[in-house]
Amino acid sequence: MTLVIFECEAKEGCMDELKSTLKGLLPDTRAWPGCYEVAGFADPDGKTLLFVTKWESKEVHQAYLGWRANPGPGFTSLEDLAALVACETTFRYLDPAGL
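All values derive from a computational prediction rather than experimental measurement. (Residues numbered from 1 in each chain as written. Predicted model: local features only at pLDDT ≥ 70, side-chain atom pairs only at ≥ 80, totals over all residues. Heavy atoms only, no water.)

(A) Molecular detail of the packing of aromatic side chains. In total, this model carries seven aromatic pairs according to the counting rule given. Consider the rings of W67 and F75, whose centres lie 5.3 Å apart with planes at 70 degrees: the pair is edge-to-face. Given a relative accessible area of 37%, F75 falls into the partly exposed group. Lying over the aromatic face of Y93, K58 brings its terminal NZ or CZ to 4.9 Å of the ring centre. (Phe/Tyr/Trp six-rings, centres within 6.5 Å; stacked < 30°, edge-to-face > 60°. Buried < 20%, exposed > 50% of the residue type's maximum accessible area, 1.4 Å probe, protein only. Lys NZ or Arg CZ within 6 Å of the ring centre and 35° of its normal.)

(B) Just the sheet that holds strand β2 (residues 35-42), in detail. Taken in spatial order, the four strands make up an open sheet running β2-β3-β1-β4, and their pairing is antiparallel. One side of each edge strand has no neighbouring strand; the edge strands of this open sheet are β2 and β4 (92-94). Neighbour-to-neighbour, the strand axes of this sheet turn through a mean angle of 20 degrees, independent of strand direction. Strand direction decides the pairing type here: strand β1 (residues 2-9) and strand β3 (residues 48-55), joined by eight bridges, are antiparallel. (Pairing = 2+ DSSP bridges. Helix = DSSP H or I, 4+ residues; strand = E, 2+ residues; numbered from the N terminus. Axes fitted to C-alpha atoms, helices over the stretch in contact; angles between N-to-C directions.)

(C) Spotlight on the side chain of H61. Following the sequence through the fold, H61 ends up in helix α2 (residues 58-69). A distance of 2.8 Å separates a polar atom in the side chain of H61 from a polar atom in the side chain of Y93. Beyond its immediate stretch of four places on either side in the chain, H61 contacts V4, W55, F91 and Y93. (Polar contact = N/O pair within 3.5 Å; in protein donor to acceptor, adjacent residues only side chain to side chain. Contact = heavy atoms within 4.5 Å.)

(D) Seen up close, the nonpolar core. In this structure, C8, L18, L22, L25, L49, F51 and W55 are the most contacted members of the largest nonpolar core, which totals 21 residues. Counting only elements with at least two residues in this core, the list comes to β1, α1 (15-31), β2, β3 and α2. The element that contributes the greatest number of residues to this core is α1, accounting for five residues. The residues touching C8, leaving out its near neighbours within four places in the chain, are L18, K47, T48, L49, F51, V85 and T89. (Core = buried A, V, L, I, M, F, W, Y, C linked by side-chain atoms within 4.5 Å.)

(E) Summary view of the environment of T90. Of note, T90 is situated in the loop between α3 (78-82) and β4. By relative accessible area, T90 is classed as exposed at 57%. Through-space distance from the C-alpha of T90 to that of I5 is 8.5 Å; in sequence the pair is 85 residues apart. If we skip the residues at most four places from it in the chain, T90 touches I5 and F6.

Shown next as structure tokens:
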């Protein structure tokens, strides 16, 4: 299992649209083979969302991102999301420490 953590900061005035867009795409994410969990958290600053997700592996998550980059008609792409966020999203991949 791999934990994937990332955050995104909404562009000024775009938080409601970003949340709405994410709510629409998260069912597809959660249904992706190898996606075990997706949890989103709002920062009290009112402009930042933090996501903690669990995946079968880094490779499975990256395959999902490859699909999300160009998912086809009727699906939200990474480009669609980029129009709503203030900076590039960076993903952190964490493996179990065996503790």
